[in-house]
Each structure stands twice: as structure tokens, then as C-alpha cells.
Amino acid sequence: QVQFVESGGGLVQPGGSLRLSCAASGFTFSRYAMSWYRQAPGKERELVATIPSAGGSANYADSVRGRFTISRDNAKKTVYLQMNSLKPEDTAVYYCNARSVFSSLSYWGQGTQVTVSS
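Residues numbered from 1 in each chain as written. Predicted model: local features only at pLDDT ≥ 70, side-chain atom pairs only at ≥ 80, totals over all residues. Heavy atoms only, no water.

### Description of the nonpolar core
- Grouped together as the largest cluster of nonpolar side chains are 31 residues, with contacts concentrated most on Trp 36, Ile 70, Val 79, Leu 81, Met 83 and Tyr 94.
- Contributions of two or more residues to this core are made by strand S3 (18-25), strand S4 (32-39), strand S5 (46-51), strand S7 (68-73), strand S8 (78-83), strand S9 (92-100) and strand S11 (112-116).
- Not counting chain neighbours up to four residues away, the residues in contact with Val 79 comprise Leu 20, Ser 21, Cys 22, Phe 29, Met 34, Trp 36, Ile 51, Ile 70, Ser 71, Arg 72 and Cys 96. (Core = buried A, V, L, I, M, F, W, Y, C linked by side-chain atoms within 4.5 Å. Buried < 20%, exposed > 50% of the residue type's maximum accessible area, 1.4 Å probe, protein only. Helix = DSSP H or I, 4+ residues; strand = E, 2+ residues; numbered from the N terminus. Contact = heavy atoms within 4.5 Å.)

### Section: unusual backbone geometry
- For Lys 77, which is not a glycine, the phi torsion comes out positive at approximately 55 degrees.
- One non-glycine residue, Ser 85, adopts positive backbone phi at about 50 degrees.
- Structurally, Ser 85 is set in the loop between S8 and S9.

### A short note on the state of the cysteines
- All told, the structure shown has one disulfide when counted by the stated rule.
- The disulfide bridge from Cys 22 ends at Cys 96, spanning 2.0 Å between sulfur atoms. The sign of the S-S torsion, about 40 degrees, decides the handedness of the disulfide formed by Cys 22 and Cys 96: right-handed. Of this pair, Cys 22 sits in strand S3 while Cys 96 sits in strand S9, and the two are 74 residues apart along the sequence. The exposure classification of Cys 22 matches that of Cys 96, with both residues buried. (Disulfide = S-S within 2.5 Å.)

### Topic: the environment of Lys 76
- On the secondary structure map, Lys 76 appears in the loop between S7 and S8.
- In the structure, Lys 76 is positioned 36 residues away from Thr 112 in sequence and 20 Å away in space, judged by C-alpha atoms.

Structure, rendered in C-alpha cells:
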């Protein structure tokens, strides 16, 4: 059974930092590219960052490049999103996603709320 435990969301002031975690189980984590998406109220879900199955070079949305860093620990089956210099427009529900490198399988976490407000 595929499961995700997302944590680290919350309320933070503009300019602050948060670190999201997504611990996975129920599938071979090292064979999946991992991503973070976000969805703000009234908007479509958007891709924030992606990291390949073995780690290494990541891709970022233009809106977060230079402020957010995605990383993964395959031994712990966990993906992280370090978010610095947060802005009110970063407010959204953040979801982790696992996408198989060998098939069309894709799994979603339950989401964690990030609110940036003074």
C-alpha cells in the first residue's frame, strides 16, 4: 500500500523559511522521480520542483528558483523541500508526487498547507 507522510507546513512570516518532508512507503522509492507541486486557492496545481530518481540535478519553476531546494534521501525514502525567502504568493497546499521512471505510475501525497503572512 502506497503511503506518504507529509510534514513541515505551517504559518510563516514573509522572508521566513520552512522545510517540507515527504516520507514514502509501499513502492520502490529509488525508482521514482520525486516532485513537489502546489495549489493555491482558485488556481491550478503547478509543478514547483523535480528531482531525478538517483538524485542530482533538479528542475525548478521560475517562481521559486534560487529560493527553494529539493533534495532526497533514498535510504530514508524521503524527499524534502527547503523553502527560503518565502513570499505571500507561495501560500498554497504543497503536494509531493512520485512518478515511475519505468511506467506511467504516479502517486500523490495528501498535501500540507503553507501560509506566508504577516
